[in-house]
Amino acid sequence: MTKKVYQITMLFIAIIFTSSLNAQSVKKVERFTPQNAAILLVDHQKMTMDWIYSQDKKNVENNLRMLSRIGAEAGVPLLVTTTMEEQVGLTWEGIQEKAPKQFENRIKRGGTLDCFLDNNFKTAVKNLGKKNLIIAGLTTDICLLHTVESAVKEGYNVVVVADACGSMSPLADDVTFDALRQIGVRVLSANSAVTELFPDFGTTDGQKVMQINLEEIVFKLGK
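Residues numbered from 1 in each chain as written. Predicted model: local features only at pLDDT ≥ 70, side-chain atom pairs only at ≥ 80, totals over all residues. Heavy atoms only, no water.

Q: In this structure, what is going on with the overall build of the protein chain? I would like to understand it.
A: Across its full length, the protein chain holds 11 helices and six strands. Burial status across the protein chain gives 47% buried among its 223 residues. In the protein chain, the proportion of contacts linking residues at least 24 apart, taken out of those at least 6 apart, comes to 80%. For the protein chain, the accessible surface area stands at approximately 11600 Å², while carbon and sulfur atoms represent 56% of it. (Helix = DSSP H or I, 4+ residues; strand = E, 2+ residues; numbered from the N terminus. Buried < 20%, exposed > 50% of the residue type's maximum accessible area, 1.4 Å probe, protein only. Contact = heavy atoms within 4.5 Å. Areas by Shrake-Rupley, 256 points an atom, 1.4 Å probe, with all protein chains shown as cover.)

Q: In this structure, what is going on with helix α7 (residues 119-128)? I would like to understand it.
A: It helps to recall that an α-helix has 3.6 residues per turn; residues three or four apart then point in one direction. Looking at α7, one finds that the buried residues are F121, A124 and V125. Buried positions in α7, seen along its axis, are confined to an arc of 95° and lie on one side of it. Pointing more than 90 degrees away from the buried face of α7 are the exposed residues N119, K126 and N127. Check the buried side of α7 and you find it contacts β1 (37-42), β2 (78-83), β3 (107-109) and β4 (132-137). Looking at where α7 begins, the residue whose side-chain oxygen comes 3.0 Å from the main-chain nitrogen of N120 is D118. Looking one or two residues beyond α7, the residue adopting positive phi is G129, at roughly 70°. (Arc of directions from axis to C-beta. Polar contact = N/O pair within 3.5 Å; in protein donor to acceptor, adjacent residues only side chain to side chain.)

Q: Mind showing me how you'd approach the packing of helix α3 (residues 57-73) against helix α10 (residues 190-197) here?
A: When two helices pack together, their arrangement is given by the angle between their axes and by how far apart the axes lie. Running from N to C, α3 and α10 point in directions that differ by 20°, and their axes come no closer than 10 Å. Considered as vectors, α3 and α10 are oriented roughly parallel to each other. The way α3 lies across α10 gives a crossing that is left-handed. Seen from α3, the contacting residues are N63, M66, L67 and I70; seen from α10, they are A190, N191 and V194. Here the residues of the contact of α3 with α10 are counted per class, giving five nonpolar, two polar and no charged. (Axes fitted to C-alpha atoms, helices over the stretch in contact; angles between N-to-C directions. Parallel < 35°, antiparallel > 145°, perpendicular 65-115°, else oblique. Left-handed = near helix turned anticlockwise from the far one by under 90°. Nonpolar A, V, L, I, M, F, W, Y, C, P; charged D, E, K, R; others polar.)

Q: What is the right way to read a nonpolar patch on the surface from this model?
A: A surface patch of nonpolar side chains, amounting to about 300 Å² of accessible area, comprises M47, W51 and M168. With respect to the helices and strands, the residue M47 is situated in helix α2 (residues 46-49). (Patch = residues over 30% accessible without salt bridge, like charges linked within 9 Å, V, L, I, M, F, W, Y side chains within 5 Å. Salt bridge = Lys/Arg side-chain N within 4 Å of Asp/Glu carboxyl O.)

Q: Mind showing me how you'd approach the pattern of salt bridges here?
A: Any two side chains of opposite charge can pair, given that their charged atoms come close. In the structure shown here, the tally under the stated rule is 12 salt bridges. Here R106 makes a salt bridge to E85, at a shortest N to O gap of 2.6 Å. Pair noted here: R106 is in the loop between α6 (100-104) and β3 and E85 is in helix α4 (residues 85-88), with a separation of 21 residues, a long-range link. For E85, a relative accessible area of 15% translates into the label buried. One salt bridge connects E216 with K220, and the closest N-O pair in it is separated by 3.0 Å.

Q: Looking at this structure, I do not really get the state of the cysteines. What am I missing?
A: Working definition: the covalent bond between the sulfur atoms of two cysteines is a disulfide. In the structure shown here, the tally under the stated rule is zero disulfides. Residue C115 stays outside any disulfide, its sulfur separated by 6.2 Å from that of C143, the closest cysteine. The class of C115 is buried, set by a relative accessible area of 0%. Relative accessible area serves as the criterion here: at 6%, C143 is assigned to the buried category. (Disulfide = S-S within 2.5 Å.)

Q: I keep staring at the pairing of β4 and nothing clicks. Help me out?
A: Consecutive side chains of a regular strand alternate in pointing toward one face of the sheet and then the other. Within β4, six of the six residues are buried, which leaves the element mostly enclosed by the surrounding structure. Neither face of β4 is exposed, since N132, I134 and A136 on one face and L133, I135 and G137 on the opposite face are all buried. In this sheet, β4 lies alongside β1 in parallel orientation, the contact comprising six bridges. Bridge pairing in β4 places I39 opposite I134. Crossover connection from β4 via helix α8 (residues 140-153) to parallel strand β5 (residues 157-161): handedness right-handed. (Pairing = 2+ DSSP bridges. Right-handed = clockwise from strand over helix to strand, strands pointing away.)

In structure tokens, the structure reads:
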């Protein structure tokens, strides 16, 4: 075998190997559904909501209302958690209003920034029985980051809802989302996450979710 033929052969082998790896990677991406996924809202509290300077706060609020209603009305498990309520305050009132039962059953943490360091939270997530987690939290670069990193280590597949998070600067959001993508987390918008769960607005459930989306997002555009 000549050197040139050998080089061409090795190139073809490399291409085939890379294609195989890419195909395997694609196969591992499971579509999130109401049957296999849950929503986690992390530390959207009175004080942390005031720290949102990385993006439009009203948009974040609208997305949180939508996610809360998806959990309360559309059959997707929703878990709410807070940290140090005496200092940071209760869960933001929009979540309280749209998902009162989930607010009442929230996991109150003593001060852990990584939610999975709290055994009650860790057990509550396990008891949901879902391996796919849709997570939004405040702030993006602290509690969300560390919680999502631990979720991945625990074996969960994670989608982060970028526009239901926030931090003190756009840069903090950007570098955090980049870091999370590097460990296999998908970073989506609230609309993208919700329409992955409910891809057909022609069904009964789809009609319900479409109406939630219209009321909490579309009808509030520009207001």
